[in-house]
Amino acid sequence: MTLVELLIAMAISLVIVLAAAYLYLSSTDAQRVQDRTTARDETGAFAMQMLGRSIMSAGFYPANVPPIPAHPTQTGMYDTYPPLPSNPRVATDWADPATGWPPTAFQTGIYGCDGASFNTQTSACGTAVDGAPDTLVINYFTSDISASGASGQRLDCNGMDVGGDPSNTARSTDAAGAAAVNTPPQLPLFVSNRYTLSNANVLVGRGTAATKSLACSGNGGNNQGGGSGPGYQPLLAGIEDMQLTYGLYSGADSLSPDRFYTATEVSGLSAVTINGQALTGWQRVVSVRVCLLTKTLGGNSRIADKAGSEKTYQNCSDQSVTQPAGVAFSRFVEVFGVRNNLKQSY
């Protein structure tokens, strides 16, 4: 083999190696883009399912709870939220008007804060910030004694036992009034979960990415309304925005929502008398429209668009926004029925 032939062979080999390296890097980039796009979409879908299941629990109180022999005045007071107090009040009653319990946020199965987190110390909405994520408050009661051997729903969204909430102290005992050990409580227990977004840093590749996380604070762990228990704990990272509106009905002819309101608008509505009962705005919520905005994390997941042909996405304010270079946003919107308000009571 001559020197010329050797140089030609080396040049051809170098070209082949460079082409193979280019194909490898291109396929790696494409796979990274696909992985991050799939993660973005899975995050939105999973978060929506989580919120949907929680919304469908709002305002639940077991209808088939047997009467407590020790407190016959409570017979027939179970198919309602919040549970009606006895007259005179007994220790197992959840509501205590003399002490101002429950606060407004827990008087209905669902409650919300516009552009603010729910303050677990005051049991009220914090200071609203324009464009900030909303907060959703879901209240319901467990079904621990709705059937023999039922495991119930004693854990809040952070995995804490709600039996430690002071409002559940008497209810969580057994029928004889003693501490229930490995047995269901004598009455359903109050559960309150609050969902919002919190700032988060997540590990992506060899670096970190700043984003927001779906976070929740529950009333478990010796935590009445959220006061002394754990604060908001991150559940699912990669969500940039969460906006909520609430569908209300206004007449006795139909439970279909007339329109959707923000949380601030719902709180400002006057009571409406329906079938002889004065119902506040939050008592008439029968559906929740949830909008989530997710994005790819780590960058380099989308090439820049040609000038004049920029791609756009819809944000949760229904505005068209240009997709930034390197990342891609996606919007998820669903409407969930508050099924425990979609009923007739007699």
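Residues numbered from 1 in each chain as written. Predicted model: local features only at pLDDT ≥ 70, side-chain atom pairs only at ≥ 80, totals over all residues. Heavy atoms only, no water.

Chemist: Can you walk me through the overall build of the protein in this structure?
Modeler: Of regular secondary structure, the protein possesses two helices and 15 strands. Per-residue burial over the protein gives 43% buried out of 346 residues. Considering only contacts in the protein between residues 6 or more positions apart, those separated by 24 or more positions represent 63%. Approximately 17500 Å² of the protein is accessible, and the part contributed by carbon and sulfur atoms is 56%. (Helix = DSSP H or I, 4+ residues; strand = E, 2+ residues; numbered from the N terminus. Buried < 20%, exposed > 50% of the residue type's maximum accessible area, 1.4 Å probe, protein only. Contact = heavy atoms within 4.5 Å. Areas by Shrake-Rupley, 256 points an atom, 1.4 Å probe, with all protein chains shown as cover.)

Chemist: What exactly am I supposed to notice about the state of the cysteines here?
Modeler: The term disulfide refers to a covalent linkage connecting the sulfur atoms of a pair of cysteines. A full pass over the atoms with the stated rule returns three disulfides. Linked covalently through their sulfurs, Cys157 and Cys216 form a disulfide whose S-S length is 2.0 Å. Because the torsion about its S-S bond is -85 degrees, the bridge between Cys157 and Cys216 counts as left-handed. You can see Cys157 sitting in the loop between β4 (135-141) and β5 (190-204) and its partner Cys216 sitting in strand β6 (residues 207-218), a full 59 residues away along the chain. Given the relative accessible area of 0%, Cys216 is considered buried. Between Cys291 and Cys316 runs a disulfide, and the two sulfur atoms are separated by 2.1 Å. Between Cys291 and Cys316, the disulfide has an S-S torsion of -85 degrees and is therefore left-handed. Of this pair, Cys291 sits in strand β12 (residues 285-295) while Cys316 sits in the loop between β13 (312-314) and β14 (320-322), and the two are 25 residues apart along the sequence. There is no split in this pair, since Cys291 and Cys316 are both buried. In the protein, the cysteines engaged in disulfides, taken in order along the sequence, are linked 1-2, 3-4, 5-6. (Disulfide = S-S within 2.5 Å.)

Chemist: When you look at the packing of aromatic side chains in this model, what are you seeing that I'm missing?
Modeler: The way to describe two aromatic rings as a pair is by their centre distance and the angle between their planes. Tallying each qualifying case throughout the model produces 14 aromatic pairs. On the basis of an interplanar angle of 55 degrees and a centroid distance of 5.7 Å, the ring pair of Trp101 and Phe106 is categorised as tilted. Comparing Trp101 with Phe106, the two get one shared label, buried. Taken together, a centroid distance of 5.7 Å and an interplanar angle of 55 degrees make the contact between Phe141 and Phe190 tilted. In this pair, Phe141 is assigned in strand β4 and Phe190 in strand β5, connecting sequence segments 49 residues apart. We classify Phe141 as buried; its relative accessible area is 0%. An aromatic cluster is present here, built from Tyr61, Tyr81, Trp94, Trp101, Phe106, Phe118, Phe141 and Phe190 joined pairwise through their rings. Of note, Arg259 hangs over the ring of Tyr261, and the distance from its end group to the ring centre comes to 4.0 Å. (Phe/Tyr/Trp six-rings, centres within 6.5 Å; stacked < 30°, edge-to-face > 60°. Lys NZ or Arg CZ within 6 Å of the ring centre and 35° of its normal.)

Chemist: For this particular structure, what's the right way to read the pattern of salt bridges?
Modeler: Close approach of charged atoms lets side chains of opposite charge pair. Under the defined criterion, the tally for this structure stands at six salt bridges. Close ionic contact of Glu265 with Arg259 constitutes a salt bridge, the shortest N to O distance being 3.5 Å. Residue classification places Glu265 among the partly exposed residues on the basis of a relative accessible area of 36%. For Arg259, a relative accessible area of 39% translates into the label partly exposed. (Salt bridge = Lys/Arg side-chain N within 4 Å of Asp/Glu carboxyl O.)

Chemist: I tried to follow the sheet that holds strand β8 (residues 239-248) on my own but got confused; where do I start?
Modeler: Note on sheets: strands pair through backbone hydrogen bonds, and any given pair is parallel or antiparallel. A sheet is described by the order of its strands in space; here four strands give the open sequence β9-β8-β12-β15, paired in antiparallel fashion. A strand with exactly one partner marks an edge of an open sheet, and here the two such strands are β9 (259-261) and β15 (329-337). On average, each strand axis in the sheet is inclined to that of its neighbour by 25 degrees, with strand direction left out of account. (Pairing = 2+ DSSP bridges. Axes fitted to C-alpha atoms, helices over the stretch in contact; angles between N-to-C directions.)

Chemist: What is the right way to read the nonpolar core from this model?
Modeler: In globular proteins that are soluble, nonpolar side chains generally tend to be buried together. Membership of the largest hydrophobic core comes to 48 residues, with the highest contact counts inside it found for Ile110 and Tyr246. Membership of the second largest hydrophobic core comes to six residues, among which are Leu293, Tyr313, Val327 and Phe329. (Core = buried A, V, L, I, M, F, W, Y, C linked by side-chain atoms within 4.5 Å.)

Chemist: For this particular structure, what's the right way to read unusual backbone geometry?
Modeler: Outside of glycine, negative phi angles account for most residues, and trans bonds account for most peptide bonds. Pro102 follows Trp101 through a cis peptide bond whose omega is 5 degrees. Locating Pro102 in the fold gives a position in the loop between α1 (3-55) and β1 (110-113). Non-glycine residue Asn275 carries a positive phi angle of around 55 degrees. With respect to the element layout, Asn275 can be found in the loop between β10 (272-274) and β11 (277-279).

Chemist: I keep staring at the confidence of the model for the protein and nothing clicks. Help me out?
Modeler: Predicted coordinates in regions of low pLDDT should not be interpreted in detail. For the protein, the mean per-residue pLDDT works out to 83, and 83% of the residues sit at or above 70. Within the protein, α1 has the poorest average pLDDT of any element, 82, and β1 the best, 97. In the predicted structure, residues 146-150 sits below a pLDDT of 50 and forms four contacts with residues beyond four places in sequence or in another chain. Low pLDDT (under 50) marks residues 223-229, which in the prediction has 26 contacts with non-local residues, meaning those over four places away or in another chain. (pLDDT = per-residue confidence, 0-100.)

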